[in-house]
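Letter by letter, the chains look like this.
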Amino acid sequence: MSINAQFPKWRSRRLRRTNAIRRLVSETQISVNDFVAPLFVREDIKEPQQISSLPGVYQHTLESLKLEVDSLRKLGIPGVILFGIPKSKDEFGSGAWDPDGIVQLALKDLKENFGDDMTLIADLCVDEYTNHGHCGVLSPDGTVDNDATLEIYNQIALAQADAGADICAPSGMMDGQVSSIRNALDSSSHTQTIILAYSAKYASSLYGPFRDAVDVIIKDGGDRRGYQQDYANLREALTEIKADISEGADIVMVKPALSYLDVIAKARAEVEVPIAAYHVSGEYSMVKAAEANGWLDGESVMMEHLLSIKRAGADIILTYAAKQAAEILQD
Ligand code: PBG
């Protein structure tokens, strides 16, 4: 029996014949409106410093940060997320809420220069500011003290909102961090400050290049498995996401992105709020390294990855490739 007799009508290749037809039937589009660019600003430098494990990404001075944000704005990118590298670190991470801390200075400067044309997101955590590298305050036994850390997060939220952050993004995976920050913001008239919660943040080895970028080494060879999620768990991610929404998160995030597309897809099916996904440092660097070796077409792999994150259900993609992808999409 011929194939025609078996399947007289159906021909999927008809819809793939020309580029114009493929565009007509395409289910997912990616645009510059989906991107947030992560940016690093460092206190004690005079010139921007290239981060060797994150090709194309820099530790910025306040001045070079402003130029970078201006070029992202001109490309149409609607948001940036800021990470600070302070001159000195201490036990509590006090640079994170110092009104003259590097991120607060950057927020003020960017708000003055760009107003509401650029959404300013502040990563809210202490790991870049603590001398032990953990995301919170340590108890005498060396574990992170959840509730003492919440007190500190509240102060950081206020310092960031005062400095001009449109969005606070708590990334420390402390229990109750969203309701704690929401209360702090609301009781000091920052009722319009958005919370983007790193809700399902996994203890991943893909954050390595980021830790180079922010000079973080976790004390005594430690890790974050006591507070970040076990990557074996999917249902737990939904529990985290729903808890954050009930605590007042406006946007929830899954992180990393590519190894966790199932988590993004399940979240998209079960919750209504906007979902962000963090295409993290290691995911970016792997493509750059393979490209540098001539093993892959870096640009097309990067676009395939970003589109896959969107197809899985993310509305917002935090990616180090934001600028490059925006330039590709412009052509
Ligand atoms: C914590 C934080 C981390 C990242 C974003 N926020 C590091 C960590 O949890 O160890 C990682 C981002 C990336 O790898 O690109 N402040």
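As shown above, the structure is provided for reference.
Presented here is a report on the structure given in the accompanying data block. (Residues numbered from 1 in each chain as written. Predicted model: local features only at pLDDT ≥ 70, side-chain atom pairs only at ≥ 80, totals over all residues. Heavy atoms only, no water.)

1. A word on the site of the ligand
- As a structural note, the neighbourhood of the ligand is formed by 19 residues, with Lys201, Arg211, Lys255, Ser281 and Tyr320 the closest of them.
- In the environment of the ligand, a nitrogen atom lies 2.7 Å from a nitrogen or oxygen atom belonging to the side chain of Asp127.
- Here the ligand loses 100% of its free accessible area of 410 Å² to cover by the protein chains.
- The site holding the ligand turns out to be the largest cavity.
- Of all elements in the fold, only β7 (194–201) and α7 (208–213) reach the threshold of two or more residues within the shell around the ligand.
- Considered class by class, the residues forming the shell around the ligand number nine nonpolar, three polar and seven charged. (Near = heavy atom within 4 Å. Polar contact = N/O pair within 3.5 Å; in protein donor to acceptor, adjacent residues only side chain to side chain. Areas by Shrake-Rupley, 256 points an atom, 1.4 Å probe, with all protein chains shown as cover. 1 Å grid on protein atoms, 1.4 Å probe; cavity = no way out; pocket = protein on both sides within 12 Å on 5 of 7 lines; lining within 4 Å. Sits in = over half its atoms within 2 Å of the grid points. Helix = DSSP H or I, 4+ residues; strand = E, 2+ residues; numbered from the N terminus. Nonpolar A, V, L, I, M, F, W, Y, C, P; charged D, E, K, R; others polar.)

2. Overview of empty space enclosed by the protein
- Evaluated as defined, the whole model comprises two cavities of 30 Å³ or more.
- Roughly 140 Å³ of internal volume is contained in the largest cavity.
- Around the largest cavity sit 19 residues that line it, and Asp127, Lys201, Tyr207, Phe210 and Lys255 are the ones nearest its centre.
- Along the lines of polarity and charge, the residues of the lining of the largest cavity split into nine nonpolar, three polar and seven charged.
- Within this model, the second largest cavity holds a volume of roughly 50 Å³.
- Lining the second largest cavity are Leu82, Phe83, Gly84, Ala96, Val103, Asp123, Cys125, Glu128, Tyr129, Ile156 and Gln160.
- Elements supplying a minimum of two residues to the lining of the second largest cavity: β4 (79–85) and α5 (146–163).
- Counting residues per element, the lining of the second largest cavity draws most heavily on β4, which supplies three residues.
- Here the lining of the second largest cavity is composed, by residue class, of seven nonpolar, two polar and two charged. (Points joined across faces, edges and corners; volume = space filled by probe spheres on them.)

3. Quick look at the side chain of Asn154
- Looking at where Asn154 falls in the secondary structure, it is placed in helix α5.
- Here Ser180 takes part through its side chain, which lies 2.7 Å from a polar atom of the side chain of Asn154.
- Setting aside residues no more than four positions away along its own chain, Asn154 makes contact with Ser180, Ile181 and Ala184. (Contact = heavy atoms within 4.5 Å.)

4. Focus on the pattern of salt bridges
- Going through the model one piece at a time under the given rule, you end up with 17 salt bridges.
- Residue Lys242 pairs with Glu270 through a salt bridge whose shortest N-O separation is 2.6 Å. Linking Lys242 in helix α8 (residues 235–247) with Glu270 in helix α9 (residues 261–270), this pair joins segments that are 28 residues apart in sequence.
- A single network of salt bridges, built from pairs that share partners, joins Glu63, Lys66 and Asp109. (Salt bridge = Lys/Arg side-chain N within 4 Å of Asp/Glu carboxyl O.)

5. Some words on the pairing of strand β8 (residues 251–255)
- For β8, the buried fraction is high: five of the five residues fall into the buried class.
- Neither face of β8 is open: one carries Ile251, Met253 and Lys255, the other Val252 and Val254, and all of them are buried.
- As defined by bridge partners, β7 adjoins β8 across five bridges and the pair is classed as parallel. Considered in β8, the bridge of Lys201 is made with Lys255.
- Pairing between β8 and strand β9 (residues 275–279): three bridges, direction parallel. Paired with Val252 across the bridge in β9 is Ile275.
- For the handedness criterion, the β-α-β arrangement of β8, α9 and β9 is classed as right-handed. (Buried < 20%, exposed > 50% of the residue type's maximum accessible area, 1.4 Å probe, protein only. Pairing = 2+ DSSP bridges. Right-handed = clockwise from strand over helix to strand, strands pointing away.)

6. Concerning the packing of α5 against helix α6 (residues 177–186)
- Running from N to C, α5 and α6 point in directions that differ by 45°, and their axes come no closer than 9 Å. Our classification of the angle between α5 and α6 gives oblique. Of the two elements, α5 crosses α6, and the hand of that crossing is right-handed. Two secondary-structure elements touch here, α5 through Leu150, Tyr153, Asn154, Ala157, Leu158 and Ala161 and α6 through Gln177, Ser180, Ile181, Ala184 and Leu185.
- Residue classes in the contact of α5 with α6 are distributed as eight nonpolar, three polar and no charged. (Axes fitted to C-alpha atoms, helices over the stretch in contact; angles between N-to-C directions. Parallel < 35°, antiparallel > 145°, perpendicular 65-115°, else oblique. Left-handed = near helix turned anticlockwise from the far one by under 90°.)

7. Observations regarding the nonpolar core
- Ranked by internal contacts, the top residues of the largest apolar core, which has 106 residues, are Phe40, Val80, Tyr153 and Leu306.
- For this core, the element with the highest residue contribution is α5, accounting for eight residues.
- With sequence-adjacent residues up to four places away left out, Val80 is seen in contact with Val36, Ala37, Leu39, Val69, Leu72, Met118, Thr119, Leu120 and Ile121. (Core = buried A, V, L, I, M, F, W, Y, C linked by side-chain atoms within 4.5 Å.)

8. Some thoughts on the packing of α8 against α9
- One way to put it is that α8 packs onto α9 with a least axis distance of 10 Å and a crossing angle of 45°. Judged by the angle between their axes, α8 and α9 are oblique. Crossing of α8 against α9: the hand is right-handed. Of the residues in α9, those touching α8 at Ala237, Leu238, Ile241 and Lys242 are Val263, Lys266, Ala267 and Glu270.
- Tallied by class, residues from the contact of α8 with α9 come to five nonpolar, no polar and three charged.

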